[in-house]
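Structural overview
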Amino acid sequence: MKIIRFTTVVILASISVSSVLAADDMQAARAKYSELAAKVRAGDSGVDWKALRVAAAIGEVGSGSEDFKNIENGYSALNEGRFEESLKFGREVEDHNIADVDAHYLAWRSLVGLGREGEADKERVLLAALLQSITDSGDGKSVKTAWFATTIRETYLYMGSVLNVQLQEHRTWKQDGHYYDVVAAKDKDGKQMILWFNADTEMHRQMAAGERAMHK
């Protein structure tokens with residue numbers, strides 16, 4: 001059993017995966033994402049939301065750093081009450097990746113701010129379904145019952161919007177070939193707690209990206 005701080009450089013330097021396998025995984029994931037995303041856009045709420053999230057992460061759908069920047073800009077606009085602008089940022093990321101929880105959160109909060117309740121409710125339903133698929137995966141109390149999150153951003157949004165807790169420390173724990181985000185947090189009453197999230201998908205994505213970079 002090994003505990004390490006979450007440091008991408010260290011992880012990518014010490015672990016490698018087959019570049020061929022990573023490429024195959026990415027292609028399969030993108031195909032799966034396209035199939036599930038099309039159903040969601042057509043109004044199907046009965047899809048496997050966890051599978052959608054995993055496919056989006058492994059397939060690296062979206063625009064990567066551009067989407068991350070849009071999310072950051074979107075939150076800045078939202079916090080300043082510039083709802084049209086924050087909605088634009090959220091929608092742009094959604095167009096790239098319908099499994100992005102931050103994009104739906106931005107769109108939902110922006111639409112509420114704009115008084116467009118009908119559209120806001122649709123965003124809330126999608127966001128709730130994505131977050132519920134994390135809730136259904138465990139209880140976050142131990143390594144055996146860790147919640148399954150596919151990205152760091154999912155973990156942080158889940159903590160803030162569902163659990164309503166404040167991050168204090170974040171580490172990565174490796175056990176039995178799996179990776180876990182171990183988060184020290186406290187609730188609004190100051191109660192301390194340790195939360196567990198399965199981080200295999202995020203690690204897989206990072207390792208695959210590092211391997212591809214090494215083989216360019």
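Residues numbered from 1 in each chain as written. Predicted model: local features only at pLDDT ≥ 70, side-chain atom pairs only at ≥ 80, totals over all residues. Heavy atoms only, no water.

This part takes up the overall build of the chain. Along the backbone of the chain there are 9 helices and 5 strands. Counting the 216 residues in the chain, one finds 41% classified as buried. For the chain, long-range pairs separated by at least 24 residues make up 59% of all intrachain contacts whose partners lie at least 6 apart in sequence. When the accessible surface of the chain is totalled, it reaches about 11,200 Å², and 52% of it is carbon and sulfur. (Helix = DSSP H or I, 4+ residues; strand = E, 2+ residues; numbered from the N terminus. Buried < 20%, exposed > 50% of the residue type's maximum accessible area, 1.4 Å probe, protein only. Contact = heavy atoms within 4.5 Å. Areas by Shrake-Rupley, 256 points an atom, 1.4 Å probe, with all protein chains shown as cover.)

Per the stated rule, a full pass over the model turns up 7 aromatic pairs. A ring pair is formed by Tyr158 and Phe197, whose centres lie 6.2 Å apart and whose planes are at 85 degrees; its orientation type is edge-to-face. In this pair, Tyr158 sits in helix 8 (residues 152–163) while Phe197 sits in strand 5 (residues 192–198), placing the two residues 39 residues apart along the sequence. With respect to burial, Tyr158 and Phe197 carry one shared label: buried. (Phe/Tyr/Trp six-rings, centres within 6.5 Å; stacked < 30°, edge-to-face > 60°.)

This part covers the nonpolar core. Ranked by internal contacts, the top residues of the largest apolar core, which has 34 residues, are Tyr33, Trp49, Leu52, Met159, Leu195 and Phe197. When residues of this core are traced back to their parent elements, those giving at least two are helix 2 (19–41), helix 3 (49–58), helix 4 (65–79), helix 6 (101–113), helix 7 (117–135), helix 8, strand 4 (178–186) and strand 5. It is helix 7 that contributes the most residues to this core, 5 residues altogether. For Leu195, the residues in contact, after removing those within four places along its chain, are Gly140, Trp147, Met159, Leu163, Val165, Asp181, Val182, Val183 and Ala185. Grouped together as the second largest cluster of nonpolar side chains are 6 residues, Val143, Ala146, Tyr180 and Trp196 included. (Core = buried A, V, L, I, M, F, W, Y, C linked by side-chain atoms within 4.5 Å.)

Next up on the list: the confidence of the model for the chain. Averaged over the chain, the pLDDT score is 86; the fraction of residues at 70 or greater is 85%. Scored below 50 in pLDDT, residues 1–21 makes 37 contacts in the model with residues more than four places away or belonging to other chains. (pLDDT = per-residue confidence, 0-100.)

Turning to helix 4, a few remarks are in order. When the terminal C-alpha atoms of helix 4 are compared, their 21 Å separation across 15 residues agrees well with the 21 Å that a helix rising 1.5 Å per residue should span. Those residues of helix 4 not exposed but buried are Asp67, Asn70, Ile71, Gly74, Ala77 and Leu78. The arc that holds every buried residue of helix 4, seen down its axis, measures 130 degrees, which confines them to one face. Turned more than 90 degrees off the buried face of helix 4, the exposed positions are Ser65, Lys69 and Asn79. Contacts from the buried residues of helix 4 go to helix 5 (83–96), helix 6 and helix 8. In the stretch just after helix 4, Gly81 is the one whose phi turns positive, near 80 degrees. (Expected span 1.5 Å × (residues − 1). Arc of directions from axis to C-beta.)

With that settled, consider the side chain of Asp67. In this structure, Asp67 sits in helix 4. For the buried residue Asp67, which engages in no salt bridge, the nearest side chain bearing the opposite charge is Arg153, 6.3 Å off. Residues within four places of Asp67 in sequence aside, it is in contact with Gly62, Val93 and His96. (Lys, Arg positive; Asp, Glu negative; His and termini not counted. Salt bridge = Lys/Arg side-chain N within 4 Å of Asp/Glu carboxyl O.)

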